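# Observations on the model geometry
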Amino acid sequence: MPHPLITQDDIDTYQRDGVIVIRGLFADHVETLRKGVERNMTEPGPYASENKKEGESGRFFDDYCNWQRIPEFAEVIETSAAAEVAADLMNSQTTQVFHDHVLVKEPGTSMATPWHTDGPYYFVQGQQTVSFWSPLDPVKDAALRCVAGSHAWEKPVMPMRWVSDESYFPNKEDYMPVPDPEAEGMDIREWEMQPGDAVAFNYAILHGARGNTSQTRRRAFSLRLVGDDARYVERPGRTSPPFPDHGMSAGERLREDWFPVIYRR
């Protein structure tokens, strides 16, 4: 039986469409995550970015790979239902941590999160993947937007640098250009969400988010997890996150001392 927060229909929808919403996944952990985000912004890590782009207003802060130094994030990863729910959605016997990600758009932030897929930036390959994106403030217009079914496209979407709009890797022929989902009439899924709700989506899902034109902050905590079939893959350049000196070879499972297994059936 799946975890009580989801149904078999949710699992089937996730497998088919690559994205679902889960109400209340982190509902019992919102205050802890808010404290963690505050700590993260006060003490940013080496990968923190302000995403400053000419002509854009407001503040769009993001940072990742901090859960092992921010106790609030570690607590939520270790005690929430996320690991078990992820295993259910992925049809996996195990759940491994890949990384955490914090995204904060202050009121009046005009910059959108560009349409992109996470998978091409990563050194991970596999079908059993899930990202949980959870707002820590009520969201409407600044919610995450996902293109249903895009995880099954024949070619991955070209990874781009968010501020400079340049290709992340040189092998452009291996990717399809970033589409315009609205102009092309794609099936965009988005939901009004309360703190602690979560969008679950496959690493290969095309997604983005509008700017935050509201009068309130939009803080979001994202948790990236992998399942049984995840393997290390070589990319033609520095990945994001880079995880320098990891020592893994192509085809290996992610090393468990860096990417711990947090759930086993």
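Everything discussed here concerns the structure shown above.
Residues numbered from 1 in each chain as written. Predicted model: local features only at pLDDT ≥ 70, side-chain atom pairs only at ≥ 80, totals over all residues. Heavy atoms only, no water.

Every buried residue belonging to helix α1 (residues 8-17) is among Ile 11, Thr 13, Tyr 14 and Asp 17, and all of these are buried. Relative to the axis of α1, the buried residues are bounded by an arc of 165 degrees and lie together on one face. The outward face of α1, more than 90 degrees from its buried face, is lined by the exposed residues Asp 9 and Arg 16. The inward-facing, buried residues of α1 abut β1 (19-22), α4 (82-90), β6 (129-135), β8 (188-189) and β9 (198-201). After α1 finishes, the residue Gly 18 shows a positive phi value of roughly 80 degrees. (Buried < 20%, exposed > 50% of the residue type's maximum accessible area, 1.4 Å probe, protein only. Helix = DSSP H or I, 4+ residues; strand = E, 2+ residues; numbered from the N terminus. Arc of directions from axis to C-beta. Contact = heavy atoms within 4.5 Å.)

Attention shifts here to helix α2 (residues 30-42). Given a rise of 1.5 Å per residue, 13 residues ought to cover 18 Å, and the 18 Å separating the end C-alpha atoms of α2 matches this to within 8%. Residues of α2 that are buried: Val 30, Thr 32, Leu 33, Gly 36, Val 37, Asn 40 and Met 41. (Expected span 1.5 Å × (residues − 1).)

Another aspect to go through is the sheet that holds β8. Strand order in the open sheet made by the four strands is β4-β10-β7-β8, with antiparallel pairing throughout. Each having just a single partner strand, β4 (113-116) and β8 make up the two edges of the open sheet. With two bridges connecting them, β4 and strand β10 (residues 207-209) associate as antiparallel partners. Looking at the pairing, His 116 lines up with His 207 of β10. (Pairing = 2+ DSSP bridges.)

In terms of residue burial, strand β11 (residues 218-226) counts as a mostly covered element, since nine of its nine residues are buried. Of the two faces of β11, the one carrying Arg 218, Ala 220, Ser 222, Arg 224 and Val 226 and the one carrying Arg 219, Phe 221, Leu 223 and Leu 225 are both buried. When β6 meets β11, the two strands line up antiparallel, connected through seven bridges. Residue pairing for β11: Pro 135 is matched across the bridge by Ala 220.

Counted according to the given criterion, the structure contains 17 aromatic pairs. Summarising the aromatic geometry, the rings of Phe 26 and Phe 221 are spaced 6.3 Å apart at their centres and angled 85 degrees between planes, so their arrangement reads as edge-to-face. One end of the pair, Phe 26, is in the loop between β1 and α2; the other, Phe 221, is in strand β11, with 195 residues separating them in the sequence. Following the ring pairs from residue to residue traces out a cluster consisting of Phe 98, Tyr 122, Phe 123, Tyr 203, Tyr 232, Phe 243, Trp 258 and Phe 259. One Lys or Arg, Lys 105, reaches over the ring of Phe 60 and ends 4.8 Å from the middle of that ring. (Phe/Tyr/Trp six-rings, centres within 6.5 Å; stacked < 30°, edge-to-face > 60°. Lys NZ or Arg CZ within 6 Å of the ring centre and 35° of its normal.)

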